[in-house]
Amino acid sequence: MAVKDRDRFSTATRIRLLGEQTAARVYRSQTKRQARRSRLTGRAALLALVMCSLIVALAYPMREYVSQRAEIDDLRREQRQARERVERLRDLKARWQDDAYAEQQIRQRLHYVMPGETGFIVVDPHAAQQSRTDLGAADRPWYSNVWDGVDKADASDR
């Protein structure tokens with residue numbers, strides 16, 4: 001036992017014990033630090049920065065691409081409508097080349113009659129009553145007549 005006691009108080013033994021205690025403290029502090037450390041490493045932060053910069057760099061070109069695709073679709077639709085209108089106008093032009101169609105339209109629109117025929121125009125009786133009520137319009141200022149005309153035009157759409 002005397003050897004053990006003497007060995008316990010020796011400088012080498014005390015230094016060795018001190019080193020072991022220090023190593024244990026360092027190990028405990030490292031494990032605590034690792035537990036507290038965030039999972040975001042330098043590589044992950046760099047990767048996140050690169051991804052964000054790529055997203056920012058590609059956002060404007062993608063927006064432009066989408067808007068240009070929409071514009072192209074609109075122009076194609078307008079082109080299709082223009083072609084349909086041209087086709088309708090060609091059909092109308094071909095119909096006007098036919099003398100029977102031209103004669104029918106002249107009779108209908110211009111109220112022409114063939115020689116020997118009697119033409120009749122039927123007047124709406126309500127139109128005559130409306131024109132009689134407008135006879136008093138000459139006594140009013142011009143802007144009242146204009147405003148009444150606007151009101152009548154607006155009422156006819158309804």
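Since the model is a prediction, treat every value here as computed from it, not as a measurement.

Below, the discussion takes up a nonpolar patch on the surface. A surface patch of nonpolar side chains, about 580 Å² in accessible area, is lined by L46, L47, L49, V50, M51 and L54. Tracing the sequence through the fold places L47 in helix α3 (residues 42-97). Taking relative accessible area as the criterion, L47 reaches 54% and is therefore assigned exposed.

Under the criterion given, the structure shown has 5 salt bridges. Linking R16 and E20 is a salt bridge whose minimum nitrogen-to-oxygen distance equals 3.7 Å. Placement of the pair is R16 and E20 together in helix α2 (residues 11-36), with a separation of 4 residues, close to one helical turn. We classify R16 as partly exposed; its relative accessible area is 47%. Judged by relative accessible area, E20 falls into the partly exposed class, the value being 45%. Ionic pairing is found between D74 and R77, a salt bridge with its closest N-O pair at 3.7 Å. Here D74 pairs with R77, and both are found in helix α3, just 3 residues apart, close to one helical turn. Sharing partners across several salt bridges, the network here consists of E103, R107 and E117.

Per the counting criterion, the structure on display carries 2 aromatic pairs. Plain terms: the ring middles of W96 and Y101 are 5.4 Å apart, the flat faces sit at 80° to each other, and that makes the pair edge-to-face. Taking relative accessible area as the criterion, W96 reaches 33% and is therefore assigned partly exposed. With a centroid separation of 5.9 Å and 80° between ring planes, the pair formed by W142 and Y143 is classed as edge-to-face. Take W142: its relative accessible area is 64%, and that puts it in the exposed class.

Attention now goes to the packing of α3 against helix α4 (residues 99-110). Their axes nearest at 5 Å, the elements α3 and α4 cross at an angle of 90°. With respect to α4, the axis of α3 lies roughly perpendicular. Contact residues: α3 offers L92, R95, W96 and Q97, while α4 offers D99, Y101, A102, Q105 and R109. The residue inventory of the contact of α3 with α4, partitioned by class, reads 4 nonpolar, 2 polar and 3 charged.

Let's shift gears to α3. Taking 1.5 Å per residue, 56 residues should reach 82 Å; α3 reaches 82 Å between its end C-alpha atoms and fits that length. At A59, α3 shows its maximal kink, close to 35°; a proline, P61, follows between one and four residues later.

Once that is clear, we can look at the confidence of the model for the protein chain. Considering every residue of the protein chain, the mean pLDDT works out to 83; 80% of them sit at 70 or more. Mean pLDDT across the elements of the protein chain bottoms out in helix α1 (residues 2-8) (57) and peaks in α3 (95).

It is worth spelling out the side chain of Q105 at this point. Inspection of the secondary structure assignment puts Q105 in helix α4. On the accessibility criterion, Q105 (10% relative accessible area) is buried. When near neighbours in sequence (up to four residues on either side) are disregarded, Q105 contacts W96 and L110.

What counts and how
- Residues numbered from 1 in each chain as written.
- Predicted model: local features only at pLDDT ≥ 70, side-chain atom pairs only at ≥ 80, totals over all residues.
- Heavy atoms only, no water.
- Patch = residues over 30% accessible without salt bridge, like charges linked within 9 Å, V, L, I, M, F, W, Y side chains within 5 Å.
- Areas by Shrake-Rupley, 256 points an atom, 1.4 Å probe, with all protein chains shown as cover.
- Salt bridge = Lys/Arg side-chain N within 4 Å of Asp/Glu carboxyl O.
- Helix = DSSP H or I, 4+ residues; strand = E, 2+ residues; numbered from the N terminus.
- Buried < 20%, exposed > 50% of the residue type's maximum accessible area, 1.4 Å probe, protein only.
- Phe/Tyr/Trp six-rings, centres within 6.5 Å; stacked < 30°, edge-to-face > 60°.
- Axes fitted to C-alpha atoms, helices over the stretch in contact; angles between N-to-C directions.
- Parallel < 35°, antiparallel > 145°, perpendicular 65-115°, else oblique.
- Contact = heavy atoms within 4.5 Å.
- Nonpolar A, V, L, I, M, F, W, Y, C, P; charged D, E, K, R; others polar.
- Expected span 1.5 Å × (residues − 1).
- Bend = angle between axes of the 7 residues up to and from the residue.
- pLDDT = per-residue confidence, 0-100.

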